[in-house]
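# Residue-level structural notes
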Amino acid sequence: MIKGYIDSIETMGLVDGPGVRFVVFLKGCKLRCLFCHNPETWTRANATEITSEELIKRIHKYHSYYQDGGVTFSGGEPLLQPEFLIDMLKKCKMINLHTALDTSGVGIGNYEEILKYTDLVILDVKAYTEKEYNHITRFEDNMEEFNKFLEVCQKLNKPLWIRQVIVPGINDTKEYIIGLKEYLKGIKNIEKIELLPYHELGESKYEKLNIPYILKGTKAMDQEKLKELEKILKED
Ligand code: SF4
């Protein structure tokens, strides 16, 4: 019996992959991104323990809803529970469901096996230089693990949806977006690129968890400015 530690489940997810999706948010993440709005997922505290058999039964119950959608594993960081994740992905494929992984690319290995059963990778690019990556994530491993994961995605030709959070005062500049565009040109199989606006909605969670909120005072990303940056990203 393989057990997973999950934070929550969404049965009608519409943004984390194509179509209507069953989304599983797994517990645990090492990155500690400055803008994270789910700090409660960083550790396994208050996790719901569930076996892969139990979880696939729940997914199966709603199977007909997901015919044009599928199942997405998100977090936290799903790559930190490789055994459970692989078992779940295999079980989803056995019942012909599309599988997606919403990830920062920083796990603990076994990426080839995980990706064998993954149809789509939604990859959160935190930054494209080590300096910015280390500033945003406060993770001492630089971009090494992220690059390792991306390499396997490229080797296995996995379709990618790229996501980048835009934070005022950190990466909301034309120069940053031009650099991002250049960086992404070197990556194949990108089907979609999304710029996500920073918002302050997670701030109250930090207070409750007694974790200092480093971005305190940073305003939500201006929608008009975000549109301008999206335009720059799409220009030829
Ligand atoms: S990778 Fe995601 S869950 Fe982990 S700290 Fe960053 S934003 Fe939060």
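Heads up: these notes are all about the structure in this document.

Okay, the overall build of the protein next. Along the protein, the regular secondary structure elements total eight helices and eight strands. Taking 2.2 N^0.38 as the reference for a compact globule, 236 residues should give roughly 18 Å; the C-alpha atoms of the protein span a radius of gyration of 18 Å, in line with that estimate. Seen along its three principal axes, the alpha-carbon backbone of the protein occupies a region of about 50 × 45 × 30 Å. Taken across its 236 residues, the protein has 37% of its residues classed as buried. For the protein, restricting intrachain contacts to residue pairs at least 6 apart in sequence, the fraction spanning at least 24 positions comes to 75%.

What surrounds the ligand is the set C29, L31, R32, C33, C36, N38, T41, G75, G76, E77 and S104. The residue makeup of the shell around the ligand, split by class, is four nonpolar, five polar and two charged.

In this structure, V24, M88 and V121 are the most contacted members of the largest nonpolar core, which totals 43 residues. Broken down by secondary-structure element, the contributors of at least two residues to this core are β2 (21-26), α1 (52-61), β4 (70-75), α2 (82-94), β5 (98-103), α3 (111-116), β6 (120-124) and α5 (144-155). Residues contacting M88, with those up to four places away along its chain left out, are S52, L55, I56 and F73. Among the nonpolar cores identified, the runner-up in size contains nine residues, and V165, I166, V167 and L195 belong to it.

Moving on, we get to the sheet that holds β5. Pairing in this open sheet of eight strands is mixed, and the strands run β3-β1-β2-β4-β5-β6-β7-β8 from one edge to the other. Strands at the two margins of the open sheet, each flanked by one partner only, are β3 (48-51) and β8 (190-197). Neighbouring strand axes in the sheet, compared pairwise and without regard to direction, differ in orientation by 30 degrees on average. Where β4 and β5 come together, four bridges link them in parallel fashion.

For the rest of this paragraph, the subject is the packing of α1 against α2. Between α1 and α2, the shortest axis-to-axis distance is 10 Å and the interhelical angle comes to 35 degrees. Crossing of α1 against α2: the hand is right-handed. Here α1 contributes S52, L55, I56 and I59 to the contact with α2, which in turn contributes F84, D87, M88, K91 and C92. Of the residues assigned to the contact of α1 with α2, the class counts are six nonpolar, one polar and two charged.

Burial in α1 covers these residues: S52, L55 and I59. Taken around the axis of α1, the buried residues stretch over an arc of 65 degrees, which confines them to a single face. Those residues of α1 that are exposed and aimed more than 90 degrees away from the buried face are E53, E54, K57 and K61. In this structure, the buried side of α1 is in contact with β1 (3-13), β2, β3, β4 and α2.

Within β2, six of the six residues are buried, which leaves the element mostly enclosed by the surrounding structure. Residues R21, V23 and F25 line one face of β2 and the alternating positions F22, V24 and L26 line the opposite face, and both faces are buried. By the bridge criterion, five bridges tie β1 to β2 in an arrangement that is antiparallel. For E10, the partnering residue across the bridge sits in β2 and is V23. Where β2 lies against β4, six bridges are found, and the strand directions are parallel. By the bridge assignment for β4, F25 is matched with S74.

Here the focus is the environment of G76. You can see G76 is positioned in the loop between β4 and α2. When the 31 C-beta atoms within 10 Å are taken as the criterion, G76 is described as buried. C-alpha of G76 to C-alpha of N46: the two residues are 30 residues apart in sequence and 13 Å apart in space. Apart from residues no more than four positions distant in its own chain, G76 is found in contact with D7, F25, L26, K27, G28, C29 and T41.

Conventions adopted
- Residues numbered from 1 in each chain as written.
- Predicted model: local features only at pLDDT ≥ 70, side-chain atom pairs only at ≥ 80, totals over all residues.
- Helix = DSSP H or I, 4+ residues; strand = E, 2+ residues; numbered from the N terminus.
- Rg over C-alpha atoms; globule rule 2.2 N^0.38 Å.
- Buried ≥ 20, exposed ≤ 12 C-beta atoms within 10 Å, placed from the backbone.
- Contact = placed C-beta atoms within 7 Å.
- Near = placed C-beta within 6 Å.
- Nonpolar A, V, L, I, M, F, W, Y, C, P; charged D, E, K, R; others polar.
- Core = buried A, V, L, I, M, F, W, Y, C linked by C-beta atoms within 7 Å.
- Pairing = 2+ DSSP bridges.
- Axes fitted to C-alpha atoms, helices over the stretch in contact; angles between N-to-C directions.
- Left-handed = near helix turned anticlockwise from the far one by under 90°.
- Arc of directions from axis to C-beta.

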